[in-house]
Amino acid sequence: NFGGGMFDFSIVNFNRPYLKILSTYGDDQLGGLDLVNEMVRLIVSKFESLESIRLNLEKSLILKAEIYQVAQNVVHELSNKTESIVNIQSVARSKDFNIIDMNLIITRIEFEVAITPIIYKTIEFMKNSLEDSKVDLRRLSKVLLVGGSSKIPLVKRKVEEALYYYYNQKAI
C-alpha cells in the first residue's frame, strides 16, 4: 500500500473465508506526499537553474501552493506519459522587473532519479516483510499494489525486480 501519507507491505495468506497476515512492514511517515515533495524540489530546482534566479516559496505561500498543485498533477501524468509540461505564470521578476513565467518540461526519467532513494526505502520494507513471513515465493500467487503511488512505473519495476532477485536468493 503506497498511498498519500503512508507505505506498508504485507504478506497475507487468504484461504476463504479466512485472511491471515503473515507479516507487515512499513512507515507511516513515508508515502505519496513524499514523491510530490520531491517533484516540487525538482520543479523549483530546474526553474532556478534555467532562469538563474532563486525562488523563496516561504515568502509566497500562493506560489508554493500553486507549484505543489502542479507537482501533484505532474506526478500523476508521468505515470502514463514520459514527460509533462509545467506552465505557471508570473512566478518571479527579473532584475529589471520583467515578469518571469515558469515553462518547463519534466521527464519521467528526471522524476525517477529524484524519487529513487524513496523507492529503495520501500523495497527494504518489502525485503524485511518477506524475510519475516518465511513464505516460499513459489507459493506466492498474487502481488497486489494499491495506492496512487503504486501506479508509478518505477514502483512497479522495482517491486518486480526485488521479487525476482529475492526469489532467486540474490541480495535485493
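Fair warning: this is a prediction, and the values are worked out from it, not measured in the lab.

Colleague: Honestly, helix α3 (residues 108–133) in this entry has me stumped. Any pointers?
Modeller: Given 3.6 residues to a turn, an α-helix orients residues that are three or four positions apart in the same direction. At I115, α3 is bent by approximately 50°, the largest bend along its length, and proline P117 sits one to four residues beyond. Of the residues flanking the end of α3, it is K134, one or two places downstream, whose phi is positive at about 55°.

Colleague: Just checking my understanding: could you explain the packing of aromatic side chains for this structure?
Modeller: Aromatic ring pairs are reported here in terms of the distance separating the ring centres and the angle at which the planes meet. As enumerated under the stated definition, the model contains 2 aromatic pairs in all. A centroid spacing of 5.3 Å and a plane angle of 80° characterise the contact between F2 and F7, whose relative ring orientation is edge-to-face. For the pair shown, F2 and F7 are each scored as buried. Its relative accessible area of 8% is what places F7 among the buried residues. Pairwise contacts between aromatic rings join F2, F7 and F125 into one cluster.

Colleague: What's the story with the pattern of salt bridges in this structure? I'm lost.
Modeller: Close approach of charged atoms lets side chains of opposite charge pair. With the rule as written, the count across this model stands at 6 salt bridges. Across the pair K64 and E58 runs a salt bridge, and its minimum N-O distance is 3.1 Å. With relative accessibility at 34%, the residue K64 sits in the partly exposed group. Taking relative accessible area as the criterion, E58 reaches 55% and is therefore assigned exposed. Between E112 and R157 there is a salt bridge, and its shortest N-O distance comes to 3.1 Å. Here the residue E112 occupies a position in helix α3, and R157 occupies one in helix α4 (residues 153–167), the gap between them amounting to 45 residues. Note on R157: relative accessible area 36%, which makes it partly exposed.

Colleague: Teacher, can you tell me more about the packing of helix α1 (residues 32–51) against α3 here?
Modeller: Each pair of packed helices can be described by the angle between their axes along with the distance between the axes. Direction vectors running N to C along α1 and α3 enclose 140°, while the axes themselves pass 10 Å from each other. Taken together, the axes of α1 and α3 lie oblique to each other. Note that α1 runs across α3; the crossing there is right-handed. Taking contact as the criterion, the partners of D34, L35, E38, M39, L42 and K46 in α1 are, on α3, E110, F111, A114, I115, I118 and I119. Classifying every residue of the contact of α1 with α3 gives 8 nonpolar, no polar and 4 charged.

Colleague: Would you mind showing me how to read a nonpolar patch on the surface here?
Modeller: Where nonpolar side chains cluster on the molecular surface, the patch consists of V12, F14, L19 and I21 and spans about 410 Å² of accessible area. Counting only elements with at least two residues in the nonpolar patch, the list comes to β1 (7–15) and β2 (18–27). Secondary-structure assignment places L19 in strand β2. The class of L19 is exposed, set by a relative accessible area of 56%.

Colleague: Is there a simple way to think about helix α2 (residues 61–77) in this case?
Modeller: Taking 1.5 Å per residue as the helical rise, α2 with its 17 residues ought to reach 24 Å, and the 24 Å between its terminal C-alpha atoms agrees with that figure. All of the buried residues in α2 are L63, I67, V70, A71, V74 and V75. Across the axial projection of α2, the buried residues extend over an arc of 140°, all falling on one side. Opposite its buried face, α2 presents the exposed residues L61, I62 and H76, each directed more than 90 degrees away. Packed against the buried residues of α2 are α1, β3 (83–93), β4 (99–107) and α3.

Colleague: Teacher, can you tell me more about the pairing of β1 here?
Modeller: Working note: regular strand, side chains alternate between the two faces of the sheet. For β1 and β2, the ladder comprises 9 bridges, and the chain directions are antiparallel. Its bridge partner being in β2, F14 is matched across the sheet by L19. Between β1 and β2, which pair antiparallel one after the other, the connecting turn spans 2 residues.

About the criteria used
What you see as residue numbers is a count from 1 along each chain, following the sequence as written. Local features are withheld for residues below a pLDDT of 70 in this predicted model, meaning they are given only at 70 or higher, and side-chain atom pairs are given and counted only at 80 or more; totals for whole chains, interfaces and linings count all residues. The side-chain figures draw on all heavy atoms in the structure; neither hydrogens nor water molecules are used. What is called the bend at a residue is the angle between a pair of axes, fitted to the seven residues leading up to and ending at it and to the seven starting from it. Helix numbers and strand numbers start at the N terminus; a helix is a DSSP run of H or I with at least 4 residues, a strand a run of E with at least 2. For Phe, Tyr and Trp, rings pair up if their centres lie within 6.5 Å, where Trp contributes its six-membered ring, and each pair is then called stacked (planes under 30 degrees apart), edge-to-face (over 60) or tilted (otherwise). Each residue is assigned to one of three classes by its accessible area relative to the maximum for its type, calculated with a 1.4 Å probe on protein chains only: buried under 20%, partly exposed between the two thresholds, exposed over 50%. Take a side-chain nitrogen of Lys or Arg and a carboxyl oxygen of Asp or Glu: if they are within 4 Å of each other, that pair is a salt bridge. With axes taken as lines fitted to C-alpha atoms, and helix axes fitted only over the stretch in contact, angles between N-to-C directions fall between 0 and 180 degrees. Any angle between 65 and 115 degrees counts as roughly perpendicular, while under 35 counts as roughly parallel, over 145 as roughly antiparallel, and the rest as oblique. In this scheme the crossing of two helices becomes right-handed for a clockwise turn of the near helix relative to the far one and left-handed for an anticlockwise turn of less than a right angle. The criterion used for residue contact is that any of the two residues' heavy atoms lie within 4.5 Å. For this classification, the nonpolar set comprises Ala, Val, Leu, Ile, Met, Phe, Trp, Tyr, Cys and Pro, the charged set comprises Asp, Glu, Lys and Arg, and every other residue, Gly included, is treated as polar. Two distance rules govern patches: like charges are joined within 9 Å, and nonpolar side chains (Val, Leu, Ile, Met, Phe, Trp, Tyr) within 5 Å, applied only to residues with over 30% relative accessible area and no salt bridge. Accessible surface area values rest on a Shrake-Rupley calculation with a 1.4 Å probe, where residue burial reflects the displayed protein chains alone. Expected helix span is computed as 1.5 Å times (number of residues minus one). For this quantity, the arc is that covered by the directions from the helix axis to the C-beta atoms. Two strands pair under a simple rule: DSSP has to find at least two bridges between them.

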